Amino acid sequence: MHKIVSHLIPAENVNMGGIIVKQALPTQKVPQVDPYLLLHHGIFETRNDAPAKHQGIGPHPHRGFSPVTFVIEGEVHHRDSRGNNQIATQGEVQWMNAGAGIVHSERPSQDLVDREGHQEIIQLWINSPAAKKMKPAHYQFLDNDAKTTFSSSDTLITNNLITGNYQNLNGNLRGESELLIIWANGQTNGIENYQIPVGYNAMLYLIKGEISLKHYGIVGSQNLVVFSNEGSEIDVSIRENAQYLILSGKPLNEKMVQQGPFVMNSETEILEAMRDYQMGKMGILIEE
């Protein structure tokens with residue numbers, strides 16, 4: 001049985017503290033697709049009037065969920081208060097379980113600034129179950145050489161299995177709940193049938209190109225497709241060279257309270273997060 005499209009959400013510009021990004025999730029009609037909380041698509045130009053460490057997004061805290069960054073183009077320099085210092089390039093993924101708390105920054109690399117290049121990224125926020133929200137923070141990096149890949153039967157679509165289990169393959173990143181994320185690149189006329197675990201929520205975000213979904217029709221770039229929970233199949237046909245994310249996961253079905261960079265299960269826990277950050281319990285990030 002095929003999954004039915006319940007919403008088609010165009011990514012709209014939003015102002016995040018002076019930085020303009022395209023936001024597909026949350027919206028008023030679709031506040032979350034449990035356990036997915038946020039999807040931002042950012043395209044950022046670098047500047048030649050300031051060093052890289054004064055560009056991008058400066059140090060800020062998180063608790064209770066995983067911010068995940070997919071580098072579509074350019075380079076992203078991640079630093080955090082647990083000592084991680086990593087530059088991700090095109091095609092790579094930075095996955096940070098914020099856990100009990102961490103402070104991190106996301107800048108362009110100095111080399112990218114020197115080349116006057118630009119960044120294009122997708123950032124997801126994935127909620128953590130209550131039982132795991134206060135685990136120690138943990139950072140994972142998926143480089144291009146470590147990806148688990150599989151191709152469509154016509155070999156026109158290359159699928160990168162980011163996390164989860166699929167067709168006897170295992171993704172190399174580990175989430176805090178049951179997830180399946182596939183990052184795909186397809187050539188025109190490619191066809192793929194995706195089997196989503198029964199009971200998983202599922203979305204598809206089209207980064208570039210144009211596709212057609214069986215039982216629905218054409219979807220253009222920078223649109224988020226949200227599927228109903230029923231069914232398990234998604235059929236994708238590539239109409240024009242495309243890049244997209246299949247985002248699925250078992251719903252947590254827990255109460256959620258969010259305040260800025262903190263996602264917890266009660267108002268009291270949010271207040272505790274604010275206090276702990278102010279007291280320095282999430283660490284301090286000094287960018288070298």
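Everything below is about the structure shown above.
Within any chain, residue numbers begin from 1 and follow the written order of that chain's sequence. In keeping with the predicted nature of the model, local features appear solely for residues at pLDDT of at least 70, side-chain atom pairs appear and are counted solely at 80 or more, and the whole-chain, interface and lining totals rest on all residues. The side-chain quantities take in all heavy atoms of the structure and omit both hydrogens and water.

A. Structural view of the sheet that holds strand E9 (residues 93–97). Pairing between strands requires that DSSP locate at least two bridges from one strand to the other. Only DSSP runs of H or I reaching four residues or more are called helices, and only runs of E reaching two or more are called strands; each is numbered from the N terminus. The sheet built from seven strands is open, its strands ordered E2-E3-E4-E11-E6-E9-E12 with antiparallel pairing. Strands with a single pairing partner mark the edges of an open sheet, and in this sheet they are strand E2 (12–16) and strand E12 (138–142). Pairs of neighbouring strands in the sheet enclose a mean axial angle of 25°, with direction left out of account. Here eight bridges tie strand E6 (residues 65–73) to strand E11 (residues 118–127), and the two strands are oriented antiparallel to one another. Pairing of Val 71 across the sheet is with Ile 121, part of E11. In this description, a line fitted to the C-alpha atoms serves as the axis of each element, helices being fitted only across the stretch in contact, and the angle between N-to-C directions of two axes falls anywhere from 0 to 180 degrees.

B. Expanded view of the pairing of strand E22 (residues 233–249). Here E22 lies mainly inside the structure; 12 of its 17 residues are buried. Two strands pair when backbone bridges link them, and strand E17 (residues 179–186) and E22 are joined in this way by eight bridges, in the antiparallel orientation. Residue pairing across strands places Gly 186 opposite Ala 242, the latter belonging to E22. Of the pairings in the sheet, the one linking strand E18 (residues 191–195) to E22 comprises five bridges and is antiparallel in character. Opposite Asn 193, over in E22, you have Asp 235 as the bridge partner. Relative to E22, strand E19 (residues 201–213) runs antiparallel, the two being bridged by 11 bridges. Each residue of the ladder has a partner; that of Glu 210, found in E22, is Glu 240. Burial classes follow relative accessibility: with a 1.4 Å probe on protein chains only, a residue under 20% of its type's maximum area counts as buried, one over 50% as exposed, and anything between as partly exposed.

C. Focus on the side chain of Asp 276. Residue placement: Asp 276 occurs in helix H2 (residues 267–278). Any N or O atom pair separated by 3.5 Å or less is treated as a polar contact, with the protein-specific requirement of one donor-capable and one acceptor-capable atom, and with residues adjacent in sequence counted only for side-chain atom pairs. A distance of 3.2 Å separates the side chain of Asp 276 from the side chain of Arg 275, its partner in a polar contact. Beyond its immediate sequence surroundings of up to four residues, Asp 276 is in contact with Arg 63, Lys 281 and Met 282. In this description, contact between two residues means that some pair of their heavy atoms is separated by no more than 4.5 Å.

D. Representation of the layout of surface pockets within the structure. Approximately 400 Å³ is the volume attributed to the largest pocket. Lining the largest pocket are 20 residues, and of these Met 16, His 40, Ile 57, His 60 and Gln 123 lie nearest its centre. Broken down by element, the residue count for the lining of the largest pocket peaks at five residues, all from strand E4 (residues 36–45). The class makeup of the residues in the lining of the largest pocket is 11 nonpolar, eight polar and one charged. Whether a set of points on the 1 Å grid over the protein atoms alone is a cavity depends on a 1.4 Å probe fitting there but being unable to get out, while an open set qualifies as a pocket with protein on both sides within 12 Å along at least five of seven lines; lining residues are those with an atom within 4 Å of a point. Grid points are joined across faces, edges and corners, and a volume is the space filled by probe spheres set on the points. Roughly 280 Å³ of internal volume is contained in the second largest pocket. As for the second largest pocket, its lining consists of 16 residues, and the residues nearest its centre are Ile 19, Phe 44, Glu 45, Gly 56 and Gln 119. Contributing elements (two or more residues each) for the lining of the second largest pocket: E4, strand E10 (102–107) and E11. Looking at the lining of the second largest pocket, the element that brings in the most residues is E4, giving three residues. Ten residues, namely Ala, Val, Leu, Ile, Met, Phe, Trp, Tyr, Cys and Pro, are considered nonpolar, four, namely Asp, Glu, Lys and Arg, are considered charged, and the remaining ones, Gly among them, are considered polar. Of the residues in the lining of the second largest pocket, the class split is seven nonpolar, five polar and four charged.

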